[in-house]
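Below, each chain spelled out in residue letters.
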Amino acid sequence: MFDTEYIYKDSNSIAFGVTSDDDIEYVTAEDNEKLAFVREGELWYYDYATTSVTSVFSFNQGNYTDIRSMNQNMDINIVSMDDDGEMYFVVYGYMCRGDHEGKNGISLYHFSPKDYKIEELFFVAVDEPFDIMRQETGRFTYYDKKGHFFYLLDGAIYDVDLMTMEQTTLSEGLSSDKYAVSENRRVVAYPNNSLKENTTAIVIRDFATGDVTYETGGENDRFDALGFVGDDLIMGVADVGDVYVPSDGEAILPFYKLNIISPIGEVLKEYQKSSVYIMDAEVQSDKIYLTRGIKRNNFFEDAEPDFISYKPREDENAMIKKTVNDMAAFDEEHLIFPSYIYISES
């Protein structure tokens with residue numbers, strides 16, 4: 001549970017305490033004067049104008065002897081929040097209270113700070129256990145504010161029209177790891193085939209704009225979506241003649257080229273070195289680290305690793321996530337407000 005006393009005016013930050021979470025789920029209004037964040041299955045809302053921290057959603061009713069409060073097989077995705085604090089969020093997993101008590105499912109909610117009320121816009125019951133939902137639905141949910149809700153489950157992306165409650169399938173037949181999702185869940189990229197050796201295009205969907213782009217190449221090119229830097233896709237390109245398909249596993253694609261591509265398909269950066277292949281790519285901070293290889297007698301040997309530097313699109317007024325070393329609390333996660341905002345502890 002989040003301690004509402006962890007608001008520090010001396011460091012202009014909100015502290016989350018010692019947490020094992022790799023990423024803190026949070027969004028801010030464009031002016032940074034409102035903040036929503038998730039801690040241990042609870043959604044909180046901070047308003048700079050009123051210096052208040054409010055619990056928006058929680059299955060925990062403060063009664064820790066209630067066995068229902070002990071079931072933590074659920075989580076929350078924050079979809080969006082505007083400058084008025086109007087917020088959309090998704091609750092997924094086991095519903096231990098409320099109208100859907102006892103069911104596994106996905107709920108889309110709207111929160112209005114005017115009256116501090118939430119409204120459920122959509123619910124679907126599912127059979128999948130929470131661990132599977134976290135790997136799929138936890139990575140991608142999106143509401144476009146035009147009446148369409150999107151979510152990933154069972155290797156498929158679903159589109160729900162909230163006016164008619166009709167559901168259509170945008171993509172299916174892929175394992176969940178085939179979908180690359182941008183950090184803000186706005187852009188998703190996936191192959192046009194479930195097999196790497198047969199992937200001749202990568203589909204890029206920008207759910208904010210509705211744009212769909214198909215990245216293709218030459219007849220012998222095969223593609224893989226490796227991840228994102230911001231909203232930009234890292235895509236590997238391999239020659240079909242270099243693809244190796246083991247008898248007991250997934251195809252291995254040694255990439256002769258790596259492209260960084262915008263959501264509209266513009267190639268922002270290209271990496272290609274003569275006679276050197278890219279075996280894998282990993283994003284860390286402001287660099288993309290490349291595992292590389294060279295081909296000798298139809299076998300690939302390790303080559304000197306390399307990296308691509310890139311400059312993320314930065315907002316100088318954005319909030320900053322920082323790990324602060326505290327002698328008592330060890331490593332404590334903080335969100336630091338921009339310098340023009342002076343928060344108060346009460």
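The coordinates are above.
What comes next concerns the included structure. (Residues numbered from 1 in each chain as written. Predicted model: local features only at pLDDT ≥ 70, side-chain atom pairs only at ≥ 80, totals over all residues. Heavy atoms only, no water.)

1. Notes on the sheet that holds strand β3 (residues 26-28)
What counts here: Only strands joined by at least two bridges in the DSSP assignment are considered to pair. Every helix listed is a DSSP run of H or I at least four residues long, and every strand listed is a run of E at least two residues long, numbered separately from the N terminus. Each axis is a line fitted through C-alpha atoms, taken for helices only over the stretch in contact, and angles between the N-to-C directions span 0 to 180 degrees.
Strand order in the open sheet formed by four strands is β3-β4-β5-β6, with antiparallel pairing between adjacent strands. Unpaired on one side and paired on the other, β3 and β6 (52-57) mark the two borders of the sheet. In this sheet, adjacent strand axes meet at a mean angle of 20° when their direction is disregarded. With five bridges joining them, strand β5 (residues 42-47) and β6 adopt antiparallel strand pairing.

2. Digging into the sheet that holds strand β7 (residues 74-81)
Taken together, the four strands give an open sheet; going across it, the order is β7-β8-β9-β10, and neighbouring strands pair in antiparallel fashion. Of all the strands in the sheet, just β7 and β10 (117-125) have a single pairing partner and so form its edges. Put simply, the sheet's adjacent strands are angled 20° from each other on average, direction ignored. Strand direction decides the pairing type here: strand β9 (residues 103-112) and β10, joined by eight bridges, are antiparallel.

3. So, the packing of aromatic side chains
So the rule is basically this: The aromatic pairing rule takes the rings of Phe, Tyr and Trp, using the six-membered ring of Trp, and pairs them if the centres are within 6.5 Å, calling planes under 30 degrees apart stacked, those over 60 edge-to-face and the rest tilted. Categorising residues by exposure relies on relative accessible area from a 1.4 Å probe, with only protein chains included: less than 20% of the type maximum marks a residue as buried, more than 50% marks it as exposed, and the intermediate range marks it as partly exposed.
One pass over the structure, following the stated rule, counts 18 aromatic pairs. Arranged with centres 5.1 Å apart and planes meeting at 70°, the rings of Phe57 and Phe59 form a pair that is edge-to-face. Taking relative accessible area as the criterion, Phe57 reaches 7% and is therefore assigned buried. When its relative accessible area of 10% is taken as the criterion, Phe59 is described as buried. Look at Tyr289 and Phe307: their rings are 6.1 Å apart centre to centre, the planes differ by 50°, and that puts the pair in the tilted class. Residue Tyr289 is located in strand β24 (residues 287-296), and its partner Phe307 is located in strand β25 (residues 299-309); the two are separated by 18 residues in the primary sequence. Judged by its relative accessible area of 36%, Tyr289 is partly exposed. Judged by its relative accessible area of 39%, Phe307 falls in the partly exposed class. Through a chain of ring-to-ring contacts, three or more aromatic side chains come together here, namely Phe57, Phe59, Phe89 and Tyr109.

4. What to know about the pattern of salt bridges
What counts, and what does not: Here a salt bridge means any side-chain nitrogen of Lys or Arg lying within 4 Å of a carboxyl oxygen belonging to Asp or Glu.
Tallying each qualifying case throughout the model produces 11 salt bridges. Salt-bridge contacts for Arg39 lead to Glu40; the nearest nitrogen and oxygen are separated by 3.9 Å. Look at Arg39 and you get buried, because its relative accessible area is 5%. Its salt-bridge partner being Asp131, residue Arg134 comes within 3.1 Å of it at the nearest N-O pair. Residue Arg134 and its partner Asp131 are located together in helix α1 (residues 130-136), separated by three residues, close to a single helical turn. Using a relative accessible area of 43% as the deciding quantity, one classes Arg134 as partly exposed. Note on Asp131: relative accessible area 46%, which makes it partly exposed.

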